[in-house]
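Listed here are the chains, written in short residue letters.
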Amino acid sequence: MTATALPVAAPRADPASLRAAWRVFWNGGRMSYGMLFNWARPSIYIPTLIGGPTFQLLFFAALGSYATDRSPAYFAIGNAVQVSALAGVFGMTMAIANERWFGTLPAILATPANRVALFAGRFLPFVANGLFVSLYAFGVGVVFLGVRLEPSSLAVVGAALLATVFSCTAIGALQGAISLRLRDGLFGANLITMAILLFCGVNIPLAELPAWMQVVGNLLPFTHGLEAVRQAADGAGFGQVGGLIGIEVLIGVAYATAAFFLFSYLERSARQNATLDVR
Amino acid sequence: MSASRVIRLVWFVTWFNVRMLLASEFFILTTFISPLIFATLAFFLFQSGGGTAGQTLLYVALGAGMMGVWSTTLFGCGGAIAWQRWEGTLELLVSAPSRYDFILVGQTFGAVVLGFYGIVATLAWGVLLFGMPIEATFPLVLPLSLLAAIVSLGSLGMLIATTFVLYRHANALGNLLEYPIWLITGLLVPISVLPLWIKPISYLLAPTWGMEAIRGATIGAEPPLLAIAMCFILACAYYVAARYTLVFVLDKARRDATLALQ
């Protein structure tokens, strides 16, 4: 039998169609989580995304309430939101940068798949994961550290949390795109999570930081979303914190857009310079 | 092996490992950058409290620096044997005429010594940014305190290296154990304010006494002789435990033919 005698299967969907884009978005996103996120197995997930955040909350609640006169609940809320960065920033960095390390990047870029769908599909599992980690941490805060949320404010807290997790996943996507050119992408992911801890009002109110740090904080994800979560936890409604949530979403969209354009630029550049597989 | 050859071997492996870790971006982060970020965070937190906690900037800087030492020890030692497996050098080192535990001592000391550079970086950071005064109430005891802290943390690192190898994902254990040890060893929050049941655990951990020895020599009211002695006692205990664990782990790996398997 010769190669020409083999029946050639017709493509199942036109790559340019909406249906194909949806499949790339949904299935691609799901598979990227399972295959590219190194921590998606219980032996790593539990120590890193359950155990680590638990102790982070306890550490900062103890340190903060010892060093200042604020309650442990203040630090618990800040850190319960911040721990979503572990899933969002590290997860997205791995979901993009690992394509290169696992050798699948050339295959991905050779496909005619819709790039926006390919890129956006990666967000969904990591946003869901970030929300889960954050909600778990809130649970720890409620049980052990005196965090109290009014039932009436839960919807607002949830919306602010969702916006914050999205924007942190977006900065993770940008780091992932940058990592396509770096030797160690997790270095930048570590720096981002630490910067969030320091600049975004997680443990120290933004107003108490020097002016230049406030500027940096306002440009990073988390700051507005976290403030919205704090105010909502104190009983503020959508009317009071809607603006903060909106700014947080806009910051997330800006980072996601920057990430997409950088990814596209690096794709073109890698094709031109034949550096797709260069590490 | 003669004592001089053992010292030469440990010395060589220590510096070789320091140079290897310096080539890793991750260890640059945990040793030099992360302590500065946590020091800044702690400085602002204590500043925000308006001094109600009654701690000096030097107290905070030393604590944040020691946090970096612990992170470097934890990640540097936790993955020591696993890395040798990945690099394919474990079989060669285990079957070399030199005793493998001496090689491991050098490796773990390399990580700890690198970690102590972090304390220097944190102190410099505190002086430059926050005008922190550098002082030591017992300057002659300080070198002994530092040596005691390095020896005890190095031995603890060896125990970590030999036990973490039983778990496939040593780095995940590192992620888990960073914050709790920072908390219960009194690096920034004194042990006296922690719940009573935590204290016995704190006293079994080298960073507790290492920190006590260094702080005692710098800002303490009396020489930290007990802390220095405890560092050396714990170092001996850790070494014996690590040696037994290592013999068990290597015997098992040889028996099951899994020495090179990840």
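Each remark here, short or long, concerns the structure printed above.
Parameters at a glance
- Residues numbered from 1 in each chain as written.
- Chains lettered and ligands numbered in written order.
- Predicted model: local features only at pLDDT ≥ 70, side-chain atom pairs only at ≥ 80, totals over all residues.
- Helix = DSSP H or I, 4+ residues; strand = E, 2+ residues; numbered from the N terminus.
- Rg over C-alpha atoms; globule rule 2.2 N^0.38 Å.
- Buried ≥ 20, exposed ≤ 12 C-beta atoms within 10 Å, placed from the backbone.
- Contact = placed C-beta atoms within 7 Å.
- Nonpolar A, V, L, I, M, F, W, Y, C, P; charged D, E, K, R; others polar.
- Axes fitted to C-alpha atoms, helices over the stretch in contact; angles between N-to-C directions.
- Parallel < 35°, antiparallel > 145°, perpendicular 65-115°, else oblique.
- Left-handed = near helix turned anticlockwise from the far one by under 90°.

Participant: Report on the overall build of chain B, specifying residues and quantitative values.
Facilitator: Along the backbone of chain B there are 11 helices and 0 strands. What you see in chain B, going N to C, is helices and strands ordered as α-α-α-α-α-α-α-α-α-α-α. Taken against the 2.2 N^0.38 rule, which gives 18 Å for 262 residues, the C-alpha radius of gyration of chain B at 19 Å falls within 12% of a compact globule. With the C-alpha coordinates aligned to their principal axes, the bounding extent of chain B is approximately 60 × 35 × 35 Å. Evaluated residue by residue, chain B yields a buried proportion of 49% over its 262 residues. Contacts in chain B between residues at least 24 apart in sequence constitute 82% of all its contacts with a sequence separation of at least 6.

Participant: Could you give me a rundown of the interface of chain A and chain B, with the residues and numbers involved?
Facilitator: Facing 27 residues of chain A, the contacting portion of chain B comprises 27 residues. Broken down by secondary-structure element, the contributors of at least two residues to the side of chain A that touches chain B are helix 2 (42-67) and helix 9 (185-199) of chain A. When residues in the side of chain A that touches chain B are grouped by element, the largest group, 15 residues, is from helix 2 of chain A. Split into classes, the residues belonging to the side of chain A that touches chain B amount to 15 nonpolar, 9 polar and 3 charged.

Participant: Summarise the environment of Leu142(B); cite the residues concerned and give the values.
Facilitator: All names here are of chain B. Mapped onto the elements of the fold, Leu142 is located in helix 7 (residues 142-164). As a C-alpha pair, Leu142 and Arg215 span 73 residues in sequence and 8.9 Å in three-dimensional space. Leaving out residues up to four positions away in the same chain, Leu142 has contacts with Ala136, Ala217 and Thr218.

Participant: I'd like a rundown of the packing of helix 8 (residues 154-179) of chain A against helix 11 (residues 223-233) of chain A, residues and numbers included.
Facilitator: All names here are of chain A. Axis separation between helix 8 and helix 11 bottoms out at 8 Å; the angle between their running directions is 165 degrees. Taken as axis vectors, helix 8 and helix 11 run roughly antiparallel relative to one another. With respect to the hand of their crossing, helix 8 and helix 11 are arranged in left-handed fashion. Side by side, helix 8 and helix 11 meet where Val156, Val157, Ala160, Leu161, Ala163, Thr164 and Ser167 of the first sit next to Gly225, Leu226, Ala228, Val229, Ala232 and Ala233 of the second.

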